[in-house]
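Each chain, written out:
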Amino acid sequence: MAVESASRAGAPQGAEPPGPGPAGGDDSPGLRRGSLGVADIAFFVISAAAPLTVMAGVAPLALGAGGIGAPVGYLLAGITLALFAVGFTAMTRHVRSSGGFYAFITLGLGRPAGFGAATVALLAYNGMQIGVYGLLATGTQDALDALWGVHVPWPAIALAGVFVIWFLGYRSIEFGAKVLGVLLVAETGILVLLAGGVLLDGGAEGPALDSFAPGNVLVPGTGAVLAFAFAAFTGFESTAIYRREARDPHRTIPRATYIAVGFLGLFYAFSVWVIIQAYGGSHIAQAVATDPAGLFFTATTRYVGDWAADLMHVFIVTSIIASQLAFHNAINRYGYSLAKEGVLPKAFGAVHPKHRSPYLAGIAQSILALACVTAFALADADPYRQLLLWMNTPGSLGLVALQALTAVAVLRYFRRIPHEEGRWRTLITPLAAAVLMTGAIWLIISKIDLMTGASSTTNAVLVSMVPVAFVIGLLVSLRMRRSRPEVYTHFAQEADEPGEAAD
């Protein structure tokens, strides 16, 4: 294949091929180059994970499954993803396309697999982003009820959220980075405040490290904890999607990736350990069983004050908004890249002349979100148990599957080209990541009933959506190869934007 031949010859990856590419002749303005630094990209990635929402909404489930050893589950997930990041960031220096996962998988495993990965990525990111409108609705309802005793129907909140996210994504990427930076500081700040209150007070039984004892870690529920933990890191790999807008992407993207993985792993583990100290190791199980939804709020009220618990209600809502904005921007850039390569309609590659955002891709994503939310509302579905969980399950499973495929792609890519990256970055860590990520997929599928609370039939449908999406991508690649060979040949070799010099 052309990609393989170019790689073996040592040609620059992603350089524009000879002859007119699918995006040739496009005089529209491109994305704003060099506008995002390390901190900006890290904000996008960490915000997508929604740390406060994960802790207050999901960590109690992990504690209920794994007991006081749950913090180690988050550390193990973080270590696994750090190993994945080693090979992933090594390959970013060889990938010019901003197509994210599908570009890596195309270069490593071939174009058909790349098309399949692109389809899975669109399913996964849209599933994560749209499903969270259900969480936005329930989180806002809880905040309004707790603070003012007001009840608003969930569809009204979710639909309003679609328009808010559209507007924020429509603006410039720098504007979005500033918004996410403020919201991220707020949501992590309230958890740091809780930690300070617990540690200064000494907790319920005094600080203890029994969470890290092997006997408390190697328990039957550890698999469920790991399943929840891997899902909590969702979106960290989207650093590569912002390649075109990053300052010095060869340095910015790896640094932002390591910062995001390191911060999330340590912050999650520390926050779960703190909440155990707040109730005491001997009483945390009872607290989780009694009131899992109020676990963090009750602790915040006790160790900091009612005002902090009220702020936590507000910051959970802003945390959800930050997560949705981060995923919305990631989806838009996937759509933009695929449009520039000729796979999606050319209009999705249009960039706003002032804000330099892929605004038509953003409009299309928002219309899809609007349609999905409306459909769930008309079906009188539950916003949490159905809109959130049914949409997020194939989303999180799809992203973990893409990570596993990418780890394999890194292995194969560096076996085929001459390089000076070293065995650690190109063989040892990618191999370990591929094995561990495959294990993570098995864990998520085996514990899917704990994550969805749905019937076995519903779970089977949700899980099957990922391989079905991949097969659809494969079929699209075969059709492209026959009917539009120029698009197929240039896939994942995204042409330079107007005025963009090669790195």
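This text follows the structure it describes.
The notes below deal with the structure included here. As the structure is a computational prediction, the values presented were derived from the model and not from experiment. (Residues numbered from 1 in each chain as written. Predicted model: local features only at pLDDT ≥ 70, side-chain atom pairs only at ≥ 80, totals over all residues. Heavy atoms only, no water.)

1. Section: the overall build of the protein
Where we set the bar: Labels follow the DSSP assignment, with helices taken as runs of H or I lasting at least four residues and strands as runs of E lasting at least two, numbered in each case from the N terminus. Atoms counted for the radius of gyration: C-alpha only. Globule rule: 2.2 Å times the number of residues to the power 0.38. To sort residues, take the accessible area from a 1.4 Å probe on protein chains only and compare it with the maximum for the residue type: under 20% means buried, over 50% means exposed, and anything in between is partly exposed. Note on contacts: a residue pair is in contact if any heavy atoms of the two residues lie within 4.5 Å. Using the Shrake-Rupley algorithm and a 1.4 Å probe, accessible areas are obtained, with residue cover drawn only from the displayed protein chains.
Assigned secondary structure in the protein consists of 21 helices and zero strands. Taking 2.2 N^0.38 as the reference for a compact globule, 503 residues should give roughly 23 Å; the C-alpha atoms of the protein span a radius of gyration of 22 Å, in line with that estimate. Along the longest, intermediate and shortest principal axes, the C-alpha atoms of the protein span 70 × 50 × 45 Å. Expressed as a percentage of the 503 residues in the protein, the buried residues total 59%. Restricting to contacts in the protein with at least 6 residues of sequence separation, those with at least 24 account for 84%. With the model as given, the accessible surface of the protein reaches about 18,800 Å², and the carbon-plus-sulfur share is 67%.

2. Thoughts on a nonpolar patch on the surface
What counts is decided by this rule: Exposure above 30% relative accessible area and the absence of a salt bridge qualify a residue for a patch, where like charges join within 9 Å and nonpolar side chains (Val, Leu, Ile, Met, Phe, Trp, Tyr) within 5 Å. Salt bridges are defined by distance alone: a side-chain nitrogen of Lys or Arg within 4 Å of a carboxyl oxygen of Asp or Glu.
On the surface, Leu-193, Trp-307 and Leu-311 cluster together to form a nonpolar patch covering roughly 280 Å² of accessible area. When its relative accessible area of 37% is taken as the criterion, Leu-193 is described as partly exposed.

3. Notes on the packing of aromatic side chains
Applied cut-off: Only Phe, Tyr and Trp rings are paired, with Trp represented by its six-membered ring, and only when their centres lie within 6.5 Å; those with planes under 30 degrees apart are stacked, over 60 edge-to-face, the remainder tilted.
Tallying each qualifying case throughout the model produces 18 aromatic pairs. Taken together, a centroid distance of 5.9 Å and an interplanar angle of 55 degrees make the contact between Tyr-125 and Phe-327 tilted. With Tyr-125 in helix H7 (residues 111-148) and Phe-327 in helix H15 (residues 306-340), this residue pair connects regions lying 202 residues apart in the sequence. For the pair formed by Tyr-125 and Phe-327, the shared burial category is buried. A connected cluster of aromatic rings, assembled from ring pairs, spans Tyr-102, Phe-115, Tyr-125, Phe-327, Tyr-334, Tyr-488 and Phe-491.

4. Quick notes on helix H4 (residues 59-66)
The criterion, for reference: The arc in question is traced by the directions running from the helix axis to the C-beta atoms.
For H4, the complete set of buried residues consists of Ala-59, Pro-60, Ala-62, Leu-63 and Gly-66. Buried residues of H4, seen end-on, are gathered within an arc of 160 degrees and therefore sit on one face of the element. Trailing H4 by a residue or two, Gly-67 shows a phi angle of about 70 degrees, which is positive.

5. Remarks on the environment of Gly-64
As for its placement among the helices and strands, Gly-64 is situated in helix H4. Residue classification places Gly-64 among the exposed residues on the basis of a relative accessible area of 53%. C-alpha separation for the pair Gly-64 and Pro-292, spaced 228 residues apart in sequence, amounts to 8.5 Å.

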